[in-house]
Amino acid sequence: MNKPVFIRNAGQLVTLKGSSDAPLTGKQMEQLHVIENGSVWLEDGVIQFVGKDEVVAEAFNDRLSEAETIDASGKLITPGLVDPHTHVVYCGSRENEFNMRLHGATYMEIMNSGGGIHATTSATREASHKTLFNESKKRLDQFLLHGVTTIEAKSGYGLSLEHEIKQLEVAKTLHENHPIDIVRTFMGAHAVPSEYKENPEEFVNHIINEMIPEVARRKLAEFNDVFCERGVFTPEQSKLILKAGLEHGLLPKIHADEIEPYGGAELAASIGAISADHLLKASDKGIAALAEKGVIAVLLPGTAFFLMEESANGRKMINAGVPVALSTDCNPGSSPTVAMPLIMNLGCMKMGMTPAEVLTAATINAAHAINKGKVIGSIETGKKADITIFDVPNYVSLQYRYGINHVHTVLKNGEVVVKGGRLVCSNTRIHS
Ligand code: NIG
Ligand code: FE
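The following refers to the structure shown. The model shown is predicted, which means the values in this text are computed figures rather than measured ones.

1. Digging into empty space enclosed by the protein
Item 1. Here the structure, examined in full by the defined rule, presents four cavities of 30 Å³ or more.
Item 2. As a volume, the largest cavity reaches approximately 90 Å³.
Item 3. Lining the largest cavity we find H87, Y107, I117, Y157, H190, F227, H255, E258, H278, D329, N331 and S334.
Item 4. Its residues placed into classes, the lining of the largest cavity shows four nonpolar, six polar and two charged.

Structure follows, in structure tokens:
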């Protein structure tokens, strides 16, 4: 049995209380419920009590000597950050394409000439389970060092039943062997692989009739995602794929309106997707539809930054009543990063969001985007003891001192996994 942990006297402790039932929208996204001189008692992997330091100390008065005490004075405590959209399980690197883009090629040109997602698919297909595990684990360690305690991970670099299953199984093994919790999304519809180039409809049928039923039967995913974009999957194909997933219990997600307005946001609303992601070019009608149906917009300003595009209009979406979450989109082509705090900063600088809104978007709203709003994303009694401590005095400072990793301590399930900015967890292992 682990000792209880008593984190004491933070400069600010951001609770985000009262947000477990539904994502926050509009002005609610500013309401962080900050406690000055805040403390929290963690035990059995769960948050037991949160409040002003003297109140928590009084409540556990007779047990103070039992606990491991962490002094958080002058620091900021937030819920462990949540990244609701990653492609973290892959092999290979695409800095050559980055260089090509800086010489004028576009992302879609590279993909349509056999690079992009296809290049990562080749490298991922060739990799053994062990290599894929070890490569991806390095990125998970980096996520943890950036204060992230839960992520979503998609398949989509297998593009055949065998290799999609391999990717999802690796994600499952990582979840079981790394402190970070990973929720899994099947994304067989990430690209049409070269063997189906002449007959994309056949690939769509293969996804619907073979891949989705098998992934669901093996319980390898909770969500089903589609890259709905001209030249990839049409809104009609996307709808069929997302509906097939729903029939097998997989909740729909969608890569929507990234390169051009293509009806992706509208489709997300009509099908009742849990989230619509990217949305750089979403139409006003699409944004209104997301707000009406409460579909969470998962915005990825790191992707826009790295592809040198204008970001999605986060400000407009929040004003329209869309619940907004933020994510890295961690992938080797359009956003090879794990730095959620930098993504939050880009939310401020490039999408007109405030420091309070980006924190809401990277915690509780991100948790709701992966159907985990009841267990993570806020610091409230009964929730998982996932906590990040930043070495800044307040949440505005976290955005103001940009581009610096301020993470000091991370606790996952009530255990210290990062201390003084270094990994200290014992339960990560290298696949052998
Ligand atoms: O979300 N847009 C499609 N998929 C990824 C990129 C994947 C890649 O380039 O490897 C994204 O940006
Ligand atoms: Fe993505």
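2. Points about the coordination of the iron ion (ligand 2)
Item 1. The iron ion (ligand 2) binds to the protein through H85 (NE2), H87 (NE2), H255 (NE2) and D329 (OD), with metal-donor distances spanning 2.0 to 2.3 Å.
Item 2. With a relative accessible area of 0%, H85 lands in the buried category.
Item 3. Residue class for H87 comes out buried when judged on its relative accessible area of 2%.

3. Examining the nonpolar core
Item 1. Ranked by internal contacts, the top residues of the largest apolar core, which has 104 residues, are F233 and L279.
Item 2. The dominant element in this core, judged by the number of residues it contributes, is helix α7 (residues 200–217), at seven residues.

4. Details of the site of ligand 1
Item 1. Around ligand 1, 15 residues are found, and the nearest of them are R94, Y107, Y157, D329 and S334.
Item 2. Between ligand 1 and the protein, one listed contact pairs an oxygen atom with a side-chain N or O atom of R94 at 2.8 Å.
Item 3. At 2.8 Å, a side-chain N or O of H190 approaches a nitrogen atom of ligand 1.
Item 4. Of the pockets mapped on this structure, ligand 1 occupies the largest cavity.
Item 5. Across the shell around ligand 1, the residue classes tally to four nonpolar, eight polar and three charged.

5. What to know about the packing of helix α9 (residues 264–271) against helix α10 (residues 284–293)
Item 1. Contact geometry for α9 and α10: axes closest at 8 Å, N-to-C directions at 20°. Taken together, the axes of α9 and α10 are roughly parallel relative to one another. Considering the relative orientation of α9 and α10, their crossing is left-handed. Together, A265, E266, A268 and A269 of α9 and K285, G286, A289, L290 and K293 of α10 make up the contact between the two elements.

The rules we used
- Residues numbered from 1 in each chain as written.
- Chains lettered and ligands numbered in written order.
- Predicted model: local features only at pLDDT ≥ 70, side-chain atom pairs only at ≥ 80, totals over all residues.
- Heavy atoms only, no water.
- 1 Å grid on protein atoms, 1.4 Å probe; cavity = no way out; pocket = protein on both sides within 12 Å on 5 of 7 lines; lining within 4 Å.
- Points joined across faces, edges and corners; volume = space filled by probe spheres on them.
- Nonpolar A, V, L, I, M, F, W, Y, C, P; charged D, E, K, R; others polar.
- Donors = N, O, S within 2.8 Å, 3.2 Å for Na, K, Ca; no water.
- Buried < 20%, exposed > 50% of the residue type's maximum accessible area, 1.4 Å probe, protein only.
- Core = buried A, V, L, I, M, F, W, Y, C linked by side-chain atoms within 4.5 Å.
- Helix = DSSP H or I, 4+ residues; strand = E, 2+ residues; numbered from the N terminus.
- Near = heavy atom within 4 Å.
- Polar contact = N/O pair within 3.5 Å; in protein donor to acceptor, adjacent residues only side chain to side chain.
- Sits in = over half its atoms within 2 Å of the grid points.
- Axes fitted to C-alpha atoms, helices over the stretch in contact; angles between N-to-C directions.
- Parallel < 35°, antiparallel > 145°, perpendicular 65-115°, else oblique.
- Left-handed = near helix turned anticlockwise from the far one by under 90°.
- Contact = heavy atoms within 4.5 Å.

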